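# Fold and geometry: a report
Chain by chain, the residues run as shown.
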Amino acid sequence: LARMIADADPMGLDADAFAQVSVVARGLHAMETMLYDPDFNGYAADSYACTLVSVIAHDIARQAQDLDRAWREDFAPLPRTAGEPDNALYLSPKEAPQALFTQLYAGVEFVADQRLARPMGTAERPRPQLAENWRSGRSLRNVRLSLDALHQMATTLAGRHVAAVDEAFDTAAYFAGSVADPAFQDLDDPQARLRLESL
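Report on the accompanying structure. Every residue gets a number counted from 1 within its own chain, in the order that chain's sequence is written. Side-chain atom pairs in this predicted model are given and counted only at pLDDT of 80 or more, local residue features only at pLDDT of at least 70, and totals for whole chains, interfaces and linings cover all residues. With hydrogens and water excluded, all non-hydrogen atoms of the structure serve as input to the side-chain values.

## Details of helix 3 (residues 48-75)
Convention followed: Helix and strand definitions follow DSSP, with helices as H or I runs of at least four residues and strands as E runs of at least two, each counted in order from the N terminus. Multiply 1.5 Å by the residue count of a helix minus one, and that product is the helix's expected span. Summary of the burial criterion: residues with accessible area below 20% of their type's maximum are buried, those above 50% are exposed, and those between are partly exposed, where the area comes from a 1.4 Å probe applied to protein chains only. Whether two residues are in contact is decided by their heavy atoms, any of which lying within 4.5 Å being enough.
Its 28 residues place the ends of helix 3 38 Å apart at the C-alpha level, agreeing with the 40 Å of an ideal helix rising 1.5 Å per residue. What helix 3 keeps buried is the set Tyr48, Ala49, Leu52, Val53, Val55, Ile56 and Asp59. Along its buried surface, helix 3 packs onto helix 1 (2-7) and helix 2 (27-36).

Structure (structure tokens):
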């Protein structure tokens, strides 16, 4: 992003060309950097950097629309037709719920391994700047929203509330409520680290 701004890279001014830019300069992480990092957010309203923010936003919107369309039109019908002759992805009716359960499990692991463990690092070397969306203070909010969505998915897959599952997610919500810094930037404090470990 800094190089694009310094060079006034023409790709940062063209919403269509921007799709060819490196992934590190695209998406929500790039947008967060532009809006919340003090090295990037002090530009005038008519600057290249402000135009770049608009182009990044347009690119994110286009990616979201493409993903939504692909989900609804290309993927969503497949679990519903699992085992039917023209469904090459799910060869039997059991495979679709198994795949969704695998995604549920992977989602919980992602929260634990990426959203929590990465910034925790080790006791000797915490890595708070690896927390997702730490600049905007959304790290904990992202964890909470993910856990809420995963809880809903688990309930939907089961077709009912399951006491042990509800209790596990309620416990996670309880420990999330004890985290003091929503950006996980206080991990050099042993108590803060313990709260995140508990979560």
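## Quick look at the layout of surface pockets
Inclusion rule: Cavities and pockets were defined on a 1 Å grid built from protein atoms only: a cavity is a group of points that admits a 1.4 Å probe but offers it no way out, a pocket is an open group of points flanked by protein on both sides within 12 Å along at least five of seven lines, and a lining residue is one with an atom within 4 Å of any such point. Grid points are joined across faces, edges and corners, and a volume is the space filled by probe spheres set on the points. Three residue categories are used. Nonpolar comprises Ala, Val, Leu, Ile, Met, Phe, Trp, Tyr, Cys and Pro, charged comprises Asp, Glu, Lys and Arg, and polar comprises the others, including Gly.
In this structure, the largest pocket occupies an estimated 510 Å³ of space. Taken together, 25 residues line the largest pocket, and the ones lying closest to its centre are Leu28, His29, Glu32, Glu132 and Asn133. Elements with a minimum of two residues in the lining of the largest pocket: helix 2 and helix 5 (95-120). Per-element accounting of the lining of the largest pocket gives the leading share, eight residues, to helix 2. Among the residues forming the lining of the largest pocket, the class breakdown is eleven nonpolar, seven polar and seven charged. In this structure, the second largest pocket occupies an estimated 390 Å³ of space. Along the wall of the second largest pocket there are 23 residues; nearest its centre are Leu104, Val108, Leu147, Ala168 and Phe169. Elements represented by at least two residues in the lining of the second largest pocket include exactly helix 5, helix 6 (139-158), helix 7 (163-176) and helix 8 (190-198). The dominant element in the lining of the second largest pocket, judged by the number of residues it contributes, is helix 5, at eight residues. Of the residues assigned to the lining of the second largest pocket, the class counts are 19 nonpolar, two polar and two charged.

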